[in-house]
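Examination of the molecular architecture
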Protein chains: 2
Amino acid sequence: MQLFDVHILGCGSALPTARHKPSAQVVNLREKLLLLDCGEGTQEQWRRSGLGWQKLGHVFITHAHGDHVFGLPGLISTMGLMGRTAGLHIYGPAELKPYIDVVLSCFCQLLSYEVTFHVVDTRKHAVVFEDRSMRVWTLPLQHRTPCAGYLIEEKPGLPHIRREMIDHYGVPTWAINRIKQGDDWQMDDGTVVPHSQLTSPPDPVRRYAYCTDTMYIPQLASLVEGVDLLYHEATYSSEDAVRASKYGHSTATDAARLAKDAAAKRLMIGHYSARYDDETVLLNEAKAIFPNTILAKEGLQVHV
Amino acid sequence: MQLFDVHILGCGSALPTARHKPSAQVVNLREKLLLLDCGEGTQEQWRRSGLGWQKLGHVFITHAHGDHVFGLPGLISTMGLMGRTAGLHIYGPAELKPYIDVVLSCFCQLLSYEVTFHVVDTRKHAVVFEDRSMRVWTLPLQHRTPCAGYLIEEKPGLPHIRREMIDHYGVPTWAINRIKQGDDWQMDDGTVVPHSQLTSPPDPVRRYAYCTDTMYIPQLASLVEGVDLLYHEATYSSEDAVRASKYGHSTATDAARLAKDAAAKRLMIGHYSARYDDETVLLNEAKAIFPNTILAKEGLQVHV
C-alpha cells in the first residue's frame, strides 16, 4: 500500500485550551503533503511532527474563521525564511482573499517564493486540485459562513507484478517497470504474454473526507459514500444539540449518523468545544451509533 | 513599592525555534497590563502566565514584522469569545493599519468589544498614552521598517505616612488618606501640623524601556538615561556584526554599550537569533561591558 496518512496538528475549536490546538491537519499522500486548515500555532505543531516543509505544496482552507487560518501568515513567513523557492497554492472561500492579500502585501514583500490563492466555490462538489497521485474535491458544508470540506482521493497506483509469472516466463528485471506501466512481454520465440497475465490489479483507491465546520447535512453522505476515513467535526455532545444548531456545529451523534449513512469505513471526530475536559463522552456517544470511531488528538498519525 | 513587573512571553526572533517564542511581553504596572508586541502564540503564552485577560487595556506594537504581530488576531478573537466588553487600544506604526483593518473586517464582525488602532510616529519621542499611573513614550528605533520602542514611566505614588509623627500628634485613622493626598492636620487646640511633617516623599518613579528591533543607536542613550530596566535586542553575537548590520539588528555588545551609555540600572537582552542553541555567549559578551545584564527567557518575571 502506498503512503496515505493523516497527521493531526490541531483538533480543538475556536476557544483555545491547554489540551487542544486550533484546526490543522497534514495529509501525506505518497510523500506529497497537503495542509488542511491552519490555525494559530500550526508552524510550531508542524515542526513537532517532524514532517519536512519542502513537501508541502497545497493548503486547503475550509472557511474564514480565525481558528482555521490564523497560522497561515506565520507558516508562509517561516517557509520564506527557510529559503523556500517552490510556489505555494492556497485554496479557500472568497471571504479569505482580502486577508491573504494583506498578509502578502504587508509582510511578504521580499518572500522568496510565490503564493497563489485559488477561490473555491463552497456550494459545489467539484475537483479543485488534481495531479498524478490524487484529486481533491470540495464538499459543500453548512456553517455560519461559506465553508467547504475536502475529499482527497488517491488515483489508482500501478498494478502489482505477479512474481510467480515473472519467474515462470523468465522476464528480466529491466522489463518489469514497463510491464507495470502496461506493456506486454514478448518471449524470444515471439510468443506474447499479455500484461494482464503478468500482473494483478492495483490496490483499491482510498479516500479521506475532511468535514469541518458544519451542521449535520444528510445529503453529504452520498458525496462521501464508502470513504476509508471520515473526519467529521463533533464540537458538542447531544446534550448541547441546541447550541450546536445555533452555532452551525455538529454533535457526536450527528457525526456518527453521517458516518453510518455514508457507510464510511472509519470515523474520526474532532473540533472539540473547550467545555469538555475529557472527550470520552463524545467518543462513547458516537460509538453507540458508529462503533468504528476514534478521537482526533494532537500528534496522532492515522493511516487512511 | 507598587507593582511594576515585566513578564516575558516570547523572546525569540523571526525564525521560530523549539526554545523560544516570537516577541511578546506583558508589563504589569499597578495591576494594569500592557502588552508589548504580540507574536504568534501570544495568547497561549498568556494563558500559561496566569495573568488575567481583563486587565489588558493597551497593546503597543513596535513594527510591522510578523514575529511581532501574528498573534494579534487570535488574541483579539479569543478575548471576544471570553466575553470581553472593555475597549482595547492598539498602538503601532501606520504600516500596521491595513492588517488590523482586514483582521477586524474579516474575522471580528460580531466582536463584543471595540478595538481602536492608534498610529504612532516612529520618528518621534513622544507620549502616546497616559493615565493616572503611567506615561508611555515612543522611542525612535532604526530597523528595516519603521519601528518604535516604548518607554513606560510610572507616575509618582502617594507620599509615605511617617508612623511616628502620626502617633506623636494622635492623628486618627480616618484622616490618614487625606493627609496622604496632601492635607495638613489641625489639632483640637487649632495648631496646624503641615503635611510635610507627617509624610516622607513617595518612592522614586521607575522606568522600563523596551527597545526591539533595532541597530545600535548612540543617541538612544539620552532618551533612556537612567532607566531601571532596559530591554534591548541582542539578536547576534559580535562575531555576526556584519549580519546584524545588514538586517538592522544589534549584537550583544551593542546592547551592552547602549546600557552603559545610558547608565541603565539593569539590562535584559533578547530577540535571539535561531542560530544560538545557548545564549550564554550573548550574556557573557554583554556582561563584559555591562555586568548587570540578564537573559530574557519565556516565563521570566522581572521586577522593574
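What you are looking at is a predicted structure, and each value in this text was computed from that prediction instead of being measured. (Residues numbered from 1 in each chain as written. Chains lettered and ligands numbered in written order. Predicted model: local features only at pLDDT ≥ 70, side-chain atom pairs only at ≥ 80, totals over all residues. Heavy atoms only, no water.)

With that settled, the discussion passes to the interface of chain A and chain B. Tallying the contact residues gives 31 residues for chain A and 31 residues for chain B. Looking only at chain A, the three residues that lose the most surface to chain B are Glu40(A), Phe70(A) and Phe107(A), adding up to 28% of its buried area. Between chain A and chain B we count two salt bridges in total. Glu44(A) is the salt-bridge partner of Lys21(B), the closest N and O atoms lying 2.5 Å from each other. Put simply, chain A and chain B have eight residue pairs in polar contact (both at pLDDT 80 or more) between them. Listing elements by their share of the side of chain A that touches chain B, those giving two or more residues are α1 (42-49), α2 (66-69), α3 (72-81) and α4 (97-107) of chain A. For the side of chain A that touches chain B, the per-class residue count stands at 16 nonpolar, 10 polar and five charged. (Contact = heavy atoms within 4.5 Å. Buried area = accessible area lost by both parts, 1.4 Å probe. Salt bridge = Lys/Arg side-chain N within 4 Å of Asp/Glu carboxyl O. Polar contact = N/O pair within 3.5 Å; in protein donor to acceptor, adjacent residues only side chain to side chain. Helix = DSSP H or I, 4+ residues; strand = E, 2+ residues; numbered from the N terminus. Nonpolar A, V, L, I, M, F, W, Y, C, P; charged D, E, K, R; others polar.)

The next subject is the relation of the copies chain A and chain B. Relative to chain B, chain A is turned by 180° and slid 0.0 Å along the rotation axis, the superposed coordinates differing by an RMSD of 0.1 Å. Interpreted geometrically, this transformation is the action of a two-fold axis. In terms of C-alpha distance to the rotation axis, chain A has Gly41(A) as its closest residue, with the C-alpha 3.0 Å off the axis. Take the interface residues of chain A: 100% of them recur as interface residues in chain B, which is what a same-surface contact looks like. (Least-squares fit on C-alpha atoms with pLDDT ≥ 70 in both.)

Our focus in this paragraph is the sheet that holds strand β15 (residues 229-233) of chain B. Residue and element names in this part refer to chain B. The sheet built from seven strands is open, its strands ordered β7-β8-β9-β14-β15-β16-β17 with mixed pairing. Whereas interior strands pair on both sides, the edge strands pair on one side only; in this sheet they are β7 (127-130) and β17 (293-295). Sheet twist, expressed as the mean angle between neighbouring strand axes with direction ignored, is 20°. As paired strands, strand β14 (residues 207-211) and β15 are joined by four bridges and run parallel to one another. Following the sheet pairing, Tyr210 is matched in β15 by Tyr231. Where helix α10 (residues 252-261) meets the sheet, its contacts fall on β15 and β16 (267-270), and the angle it forms with β15 comes to roughly 150°. With respect to the sheet, helix α11 (residues 280-287) is in contact with β16 and β17, its orientation differing from that of β17 by roughly 170°. (Pairing = 2+ DSSP bridges. Axes fitted to C-alpha atoms, helices over the stretch in contact; angles between N-to-C directions.)

Take the environment of Glu95(B) next. Within the element layout of this structure, Glu95(B) appears in the loop between β5 (88-92) and α4 (97-107). The exposure class assigned to Glu95(B) is partly exposed, which follows from its relative accessible area of 35%. Once the C-alpha coordinates of Glu95(B) and Glu130(B) are considered, the two residues, 35 residues apart in sequence, prove to be 23 Å apart. Ignoring sequence-local partners within four residues, the contact set of Glu95(B) consists of Cys106(A), Ala64(B) and Pro146(B). (Buried < 20%, exposed > 50% of the residue type's maximum accessible area, 1.4 Å probe, protein only.)

This brings us to the nonpolar core. What tends to happen in soluble globular proteins is that the nonpolar side chains get buried as a cluster. Judged by nonpolar contacts, the single largest core of 64 residues is most densely connected at Leu35(A), Ile90(A), Tyr99(A), Leu35(B), Ile90(B) and Tyr99(B). Ignoring sequence-local partners within four residues, the contact set of Tyr99(A) consists of Val69(A), Phe70(A), Pro73(A), Val102(B), Cys106(B) and Phe107(B). (Core = buried A, V, L, I, M, F, W, Y, C linked by side-chain atoms within 4.5 Å.)

Another point: the pairing of strand β7 (residues 127-130) of chain A. Residue and element names in this part refer to chain A. As defined by bridge partners, β7 adjoins strand β8 (residues 134-140) across three bridges and the pair is classed as antiparallel. When the bridges of β8 are listed, Glu130 appears paired with Arg135. The loop that links β7 with its antiparallel partner β8 comprises three residues.

It is worth spelling out the pairing of strand β1 (residues 4-10) of chain B at this point. Residues and elements named next belong to chain B. Counting buried residues along β1, seven of its seven residues qualify, which places the element largely inside the surrounding structure. In the sheet, β1 pairs with strand β18 (residues 301-303) via three bridges, with the strands oriented antiparallel. From the neighbouring strand, Asp5 faces β18, where its bridge partner is His303.

Glycine aside, the phi torsion of most residues is negative, and most peptide linkages are trans. Cis geometry is adopted by the peptide bond preceding Asp213(A), which originates at Thr212(A) and carries an omega value of -10°. Its identity is not glycine, yet Arg30(A) carries a phi of approximately 55°, on the positive side. Residue position: Arg30(A) is located in the loop between β2 (24-29) and β3 (32-36). Even without glycine at this site, His271(B) takes up a positive phi of about 60°. Within the secondary structure, His271(B) is located in the loop between β16 and α11.

Per-residue confidence for chain A gives a mean pLDDT of 96, with 100% of residues at or over 70. Overall fold confidence for the complex sits at a pTM of 0.92, while the interface term, ipTM, reaches 0.91. (pLDDT = per-residue confidence, 0-100.)

Here we come to the packing of aromatic side chains. Residues and elements named next belong to chain A. Evaluated as defined, the whole model comprises 20 aromatic pairs over all chains. Taking the centre distance of 5.9 Å and the plane angle of 70° together, the rings of Trp174 and Trp185 count as edge-to-face. With a gap of 11 residues between them, Trp174 in the loop between α5 (163-169) and α6 (176-181) and Trp185 in strand β11 (residues 185-186) connect regions that are remote in the sequence. For Trp174, a relative accessible area of 58% translates into the label exposed. Joined through ring pairs, the aromatic side chains of Phe60, Tyr91, Phe129 and Tyr150 make up one cluster. Over the ring of Tyr113 we find Arg84; its NZ or CZ atom is 5.2 Å from the centre of that ring. (Phe/Tyr/Trp six-rings, centres within 6.5 Å; stacked < 30°, edge-to-face > 60°. Lys NZ or Arg CZ within 6 Å of the ring centre and 35° of its normal.)

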